[in-house]
Amino acid sequence: MGWDNQIAHLSSDANILVTGGIDDQKISVWDLITGQLIRCWMFAPDEFLHGMSNTVESLAVGADNRILVSGGRLIQVWDLPTGRKIRTLRATGAICNTISPDGTKLITHGSGRTPTTIVWDLHRGKKIYQRTKEYYSLLSFVISPDSKTFIGGDNIDNNIVIKIWDLNTGETLKTIENQGAIRVQRFAISPNGLLIVGAGYDGIKIWEIKTGKQVQRVDKFKNVRFHNHLDYVRNAVFSTDSNMLLSSGSDDSIQVWNVKTGKNIYTFPEKLLFTSVLVSLDGQTIVGHSGNKVKVWKNVSS
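Definitions and cut-offs
Residues numbered from 1 in each chain as written. Predicted model: local features only at pLDDT ≥ 70, side-chain atom pairs only at ≥ 80, totals over all residues. Heavy atoms only, no water. Phe/Tyr/Trp six-rings, centres within 6.5 Å; stacked < 30°, edge-to-face > 60°. Helix = DSSP H or I, 4+ residues; strand = E, 2+ residues; numbered from the N terminus. Buried < 20%, exposed > 50% of the residue type's maximum accessible area, 1.4 Å probe, protein only. Pairing = 2+ DSSP bridges. Axes fitted to C-alpha atoms, helices over the stretch in contact; angles between N-to-C directions. Salt bridge = Lys/Arg side-chain N within 4 Å of Asp/Glu carboxyl O.

1. Section: the packing of aromatic side chains
Then step 1. Going through the model one piece at a time under the given rule, you end up with five aromatic pairs.
Then step 2. On the basis of an interplanar angle of 80° and a centroid distance of 6.3 Å, the ring pair of Phe141 and Phe150 is categorised as edge-to-face.
Then step 3. When the centroid spacing of 5.2 Å and the interplanar angle of 70° are considered together, the rings of Phe226 and Trp257 count as edge-to-face. Note that Phe226 is positioned in the loop between β20 (214-219) and α1 (227-231) and Trp257 in strand β23 (residues 254-258), a separation of 31 residues in sequence.
Then step 4. Residue class for Phe226 comes out buried when judged on its relative accessible area of 9%.

So, in structure tokens, the structure goes:
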């Protein structure tokens, strides 16, 4: 597999890996069980680009593995089993996007001078609503398991706060303060829908969604042994039972933490010398990739 300048995304069941070429204008779909390439296709020219080439800056796969959304200079919706383009969404690019677990909605966050967050009806390709000012510095977002709310980090006066919005109306339901040195940038919700974890520079934080109370903090200043790992945590996800947390960090290791105590309980046995590490939503699959090297681990938190 060629991986230089690639964006990668795991399907929710962790059986399919999709990669998009920033330079080669190609999307590839891989079977993680067999390691085989299922299909790949090149971007066709699109009238919206006026002669410019398309890029891939984000990917999202629907829960049923039928729909793929790629974001870049264009937002395009694809039929994943065939590679057929379903439609192009009329918006200015997407640096991140995600599909709701029930498969009905898509959230995109665009780049540019006035980046806009848009919630789409995925089946019709129509905008439900969009925001620009409130979402201006949105860092990342995640949709709740019941597809009713979404949560993201908003940079307000250099202070990152966590906000919870109603997915159907865009109403702000709750604002969670994020005091302290840890600058969270990536989020994940526990499978039971009760907790949210934020990972980023200097460590990890966990909050109760219902109360907004911070219930756990793992920072590099109080965890000297894991200082290099916590210097920048690329992503963190909960185990299936929501009791453990898996994190990939800047030291190229995978660490496992006890959610209740915040204590480290396991270090993955080998360094992952990859430029990027993906962890599945259920914490059971890890994919590392760099250059032409790919490695997959299954049932890692069993």
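2. Description of the sheet that holds β23
Either a parallel or an antiparallel arrangement is found when strands of a sheet pair, and the pairing is made through backbone hydrogen bonds.
Then step 1. Pairing is antiparallel across the open sheet formed by four strands, whose spatial order is β21-β22-β23-β24. Lying at the two open borders of the sheet, with one neighbouring strand each, are β21 (233-238) and β24 (264-267). Each strand axis lies, on average, 25° off the axis of its neighbour in the sheet, ignoring direction.
Then step 2. One ladder, built from five bridges, connects β21 with strand β22 (residues 244-249); its direction is antiparallel. Its bridge partner being in β22, Ala236 is matched across the sheet by Ser247.

3. Some words on the pairing of strand β8 (residues 84-89)
Then step 1. Here five bridges tie strand β7 (residues 75-79) to β8, and the two strands are oriented antiparallel to one another. Counterpart to Trp78 in the pairing with β8 is Lys85.

4. Some details on the pattern of salt bridges
In a structure, side chains of opposite charge can pair up when their charged atoms sit close to one another.
Then step 1. Under the criterion given, the structure shown has six salt bridges.
Then step 2. Between Arg124 and Asp121 there is a salt bridge; the shortest N-O distance is 3.2 Å.
Then step 3. A relative accessible area of 18% places Asp121 in the buried class.
Then step 4. Asp202 is the salt-bridge partner of Lys220, the closest N and O atoms lying 3.0 Å from each other. Highlighted residues: Lys220 in the loop between β20 and α1 and Asp202 in the loop between β18 (195-201) and β19 (203-208), separated in sequence by 18 residues.
Then step 5. Within the structure, one salt-bridge network assembled from shared partners comprises Asp202, Lys220 and Asp231.

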